[in-house]
Amino acid sequence: MADTTLVRRIAERFREVNGDHPMTAADDAYVTAQFVPLEALCGSLGRDSDAARRLMLGRVLPLPGYLRSDGAEMVPRDLFRLTEAAGGSERLHAWFTAHWEDRARGEAEWEAYLSGQYVCLHTVTPAHIRRKDELTAEITEALAAATATATARTADGTSARSAGGVSAGSAGGVSAGSAGGVSAGWTDGVGPSPEWRAALHARVDELDALEPAFTAYDRLRFGGPTSRDTCVDAPRALFPRVGPAA
């Protein structure tokens, strides 16, 4: 039977990190489909759930990604994957942070990992964390480049509407430069060129494959839109695919 003191301390720590927000029935259903209760996972692996809780409180294992309405500590099915890859919990910190050349960035990512908030990835690994960061930066920059071009064309009296009649400056306030150096090459009266759209959608599709759907609870704890909202759904709405692949 679980140590109730440890369960309470995990819940308290979880709310310190995420705030105290309600989980709706829809949130619970999403989390149940995507994650597994800590007790059930440890039982299936022959692990001690209280030992796992101690590792969480000792800051060598991530906190649960969610606390379901019934109090269940919901964790990814591969919760122990990185610990095993590192060769044990005592080696995990050094193994994890070594994936970043910038030591300060590695430590910041370690803190984010321990928070349990990397629910933005289907599989949490340093490689996926780094790739997600690269993709969101490139997509955000591409949208800003399009916005800047649209603004300039509007000032010049030229149409700055994208295909489908969506303004390039309406991506939910998303801002920043060009996707991996791809400039926003606009065609008169149409919007960005097919090549620019293809480069944007390639990045959006890759990010889409890395990320789950998220749930309403996530927007509460993160205080706004998720990366899927701003870097997957928004670009697809603003710049729909054109041609045979649309």
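Thresholds applied
- Residues numbered from 1 in each chain as written.
- Predicted model: local features only at pLDDT ≥ 70, side-chain atom pairs only at ≥ 80, totals over all residues.
- Heavy atoms only, no water.
- Buried < 20%, exposed > 50% of the residue type's maximum accessible area, 1.4 Å probe, protein only.
- Helix = DSSP H or I, 4+ residues; strand = E, 2+ residues; numbered from the N terminus.
- Arc of directions from axis to C-beta.
- Pairing = 2+ DSSP bridges.
- Axes fitted to C-alpha atoms, helices over the stretch in contact; angles between N-to-C directions.
- Parallel < 35°, antiparallel > 145°, perpendicular 65-115°, else oblique.
- Left-handed = near helix turned anticlockwise from the far one by under 90°.
- Contact = heavy atoms within 4.5 Å.
- Nonpolar A, V, L, I, M, F, W, Y, C, P; charged D, E, K, R; others polar.
- Phe/Tyr/Trp six-rings, centres within 6.5 Å; stacked < 30°, edge-to-face > 60°.

Topic: helix α6 (residues 89–97)
Taken as a whole, α6 has its buried residues at Leu92, Phe96 and Thr97. Down the axis, α6 shows its buried residues gathered within 95 degrees of arc, on one side only. Seen from the open side of α6, the exposed residues pointing more than 90 degrees away from its buried face are Glu90, Arg91 and Ala94.

Things to note about the environment of tyrosine 113
By the secondary structure assignment, tyrosine 113 is in helix α7 (residues 103–114). As for tyrosine 113 and isoleucine 129, which are separated by 16 residues in sequence, their C-alpha atoms are 9.4 Å apart.

Considering the sheet that holds strand β3 (residues 73–75)
As summarised here, the arrangement of the three strands in space is β1-β3-β2, forming an open sheet in which the pairing is antiparallel. Strands at the two margins of the open sheet, each flanked by one partner only, are β1 (36–37) and β2 (66–67). As paired strands, β2 and β3 are joined by two bridges and run antiparallel to one another. In the strand pairing of β3, leucine 67 is matched with glutamate 73.

Concerning the packing of α6 against α7
Interhelical geometry of α6 versus α7 gives an angle of 130 degrees and a closest axis separation of 8 Å. In terms of orientation, α6 lies oblique with respect to α7. Between α6 and α7 lies a crossing of right-handed hand. Side by side, α6 and α7 meet where Leu92, His93, Phe96 and Thr97 of the first sit next to Gly106, Glu107, Glu109, Trp110 and Tyr113 of the second. Looking at the contact of α6 with α7, its residues break down into four nonpolar, three polar and two charged.

Notes on the side chain of lysine 132
In this structure, lysine 132 sits in helix α8 (residues 126–155). Those residues in contact with lysine 132 that sit more than four places away from it in its chain are Cys120, Leu121, Leu207, Leu210, Glu211 and Ser227.

Examining the packing of aromatic side chains
In total, this model carries seven aromatic pairs according to the counting rule given. With 4.9 Å between their ring centres and 25 degrees between their planes, phenylalanine 96 and tyrosine 113 make a pair best called stacked. Taken together, the positions of phenylalanine 96 in helix α6 and tyrosine 113 in helix α7 put the pair 17 residues apart, joining distant regions of the chain. Here the two residues phenylalanine 96 and tyrosine 113 agree in accessibility, since each one is buried. With 5.8 Å between their ring centres and 35 degrees between their planes, tryptophan 110 and tyrosine 113 make a pair best called tilted. Taken together, the residues span about one helical turn, with tryptophan 110 and tyrosine 113 both in helix α7 at a distance of three residues. Look at tryptophan 110 and you get buried, because its relative accessible area is 5%.

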